[in-house]
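Chain residues, written in single-letter form:
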Amino acid sequence: MAAKAYKVKKRGAGRHVQLPEWLQRTEAWTTMKPGPRALYVELKRRFNGHNNGRIYLSHRDAAIALNLHRNTVGPYFAELEERGFVVMTAGPHLGPSGSGISAQWALTELPMAGASKARTDFKKWKNPAQKPCITVINSVRPRKAG
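Before going into details, it helps to say that this report is about the structure given with it. (Residues numbered from 1 in each chain as written. Predicted model: local features only at pLDDT ≥ 70, side-chain atom pairs only at ≥ 80, totals over all residues. Heavy atoms only, no water.)

What follows is about the packing of helix 5 (residues 59-66) against helix 6 (residues 73-83). At their nearest, the axes of helix 5 and helix 6 sit 9 Å apart, and the two run at 105° to each other. When the axis of helix 5 is compared with that of helix 6, the two are roughly perpendicular. Mapping the contact onto sequence places His59, Ala62, Ala63 and Leu66 in helix 5 and Val73, Gly74 and Phe77 in helix 6. In the contact of helix 5 with helix 6, the residues fall into 5 nonpolar, 2 polar and no charged. (Axes fitted to C-alpha atoms, helices over the stretch in contact; angles between N-to-C directions. Helix = DSSP H or I, 4+ residues; strand = E, 2+ residues; numbered from the N terminus. Parallel < 35°, antiparallel > 145°, perpendicular 65-115°, else oblique. Contact = heavy atoms within 4.5 Å. Nonpolar A, V, L, I, M, F, W, Y, C, P; charged D, E, K, R; others polar.)

With that settled, the discussion passes to the sheet that holds strand 5 (residues 104-107). With antiparallel pairing, the 3 strands of this open sheet are ordered in space as 1-5-2. What marks the edges here is a single partner per strand, and that holds for strand 1 (55-56) and strand 2 (86-90). Across 2 bridges, the pairing between strand 1 and strand 5 is antiparallel. Bridge pairing in strand 5 links isoleucine 55 to tryptophan 105. In the packing of helix 4 (residues 34-45) onto the sheet, contacts are made with strand 1, strand 2 and strand 5, and the angle to strand 5 comes to roughly 100°. (Pairing = 2+ DSSP bridges.)

Another point: the side chain of glutamate 42. Note on placement: glutamate 42 falls in helix 4. Relative accessible area serves as the criterion here: at 8%, glutamate 42 is assigned to the buried category. One polar contact links glutamate 42 to arginine 45, side chain to side chain, over a distance of 3.0 Å. The residues contacting glutamate 42, other than those within four sequence positions of it, are Leu57, Ala65 and Leu66. (Buried < 20%, exposed > 50% of the residue type's maximum accessible area, 1.4 Å probe, protein only. Polar contact = N/O pair within 3.5 Å; in protein donor to acceptor, adjacent residues only side chain to side chain.)

Here the focus is the packing of aromatic side chains. The tally for this structure, following the rule as stated, stands at 6 aromatic pairs. Each ring, one from tryptophan 22 and one from phenylalanine 122, has its centre 5.9 Å from the other, and the planes form 20°; the classification is stacked. Of the two residues, tryptophan 22 sits in helix 2 (residues 21-24) while phenylalanine 122 sits in the segment after strand 5, which places them 100 residues apart along the sequence. Since its relative accessible area comes to 35%, tryptophan 22 is described here as partly exposed. Aromatic side chains phenylalanine 77 and tryptophan 105 sit 4.7 Å apart centroid to centroid with 15° between the ring planes, which places their arrangement in the stacked category. Placement of phenylalanine 77 in helix 6 and of tryptophan 105 in strand 5 is noted, with a sequence separation of 28 residues between them. By relative accessible area, which is 2% here, tryptophan 105 ends up buried. Each residue in the set Trp22, Trp29, Tyr40, Phe85 and Phe122 is aromatic and connected to the rest through ring pairs, giving one cluster. Sitting over the face of the ring of tryptophan 125, arginine 83 holds its NZ or CZ atom 4.2 Å from the ring centroid. (Phe/Tyr/Trp six-rings, centres within 6.5 Å; stacked < 30°, edge-to-face > 60°. Lys NZ or Arg CZ within 6 Å of the ring centre and 35° of its normal.)

Remember that the coordinates give geometry; whether it matters functionally is a separate question.
Now the structure itself:
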């Protein structure tokens, strides 16, 4: 029996990066500059559905992908970590042959291998520059007699 014709020509839309609306509405995302956002998209682009926690991306590779100088992307990684979007699961090191092995990253919006839930640390992030709103209720004091 031959394959059905509609399945032979059927092609997917190709790979894409999906940024959910609930992630984009968080305070950590809306207050972030475009550079770290672009780096996050690049990290998510390297996620294949099974390798969360083992996403390899060095500073040099990130700089090439974002068309930046390699010293520029270091603070972007730090900001993504500080806001809770990514976690470094293994640091960069020299391999047994003396060649460098880049850092491994995990996206906190997705569950890692062996975990049932995602960490979503970025939901808990609060802007330290924003002062808390304190509501003061004016109380009426009795006037002194006299």
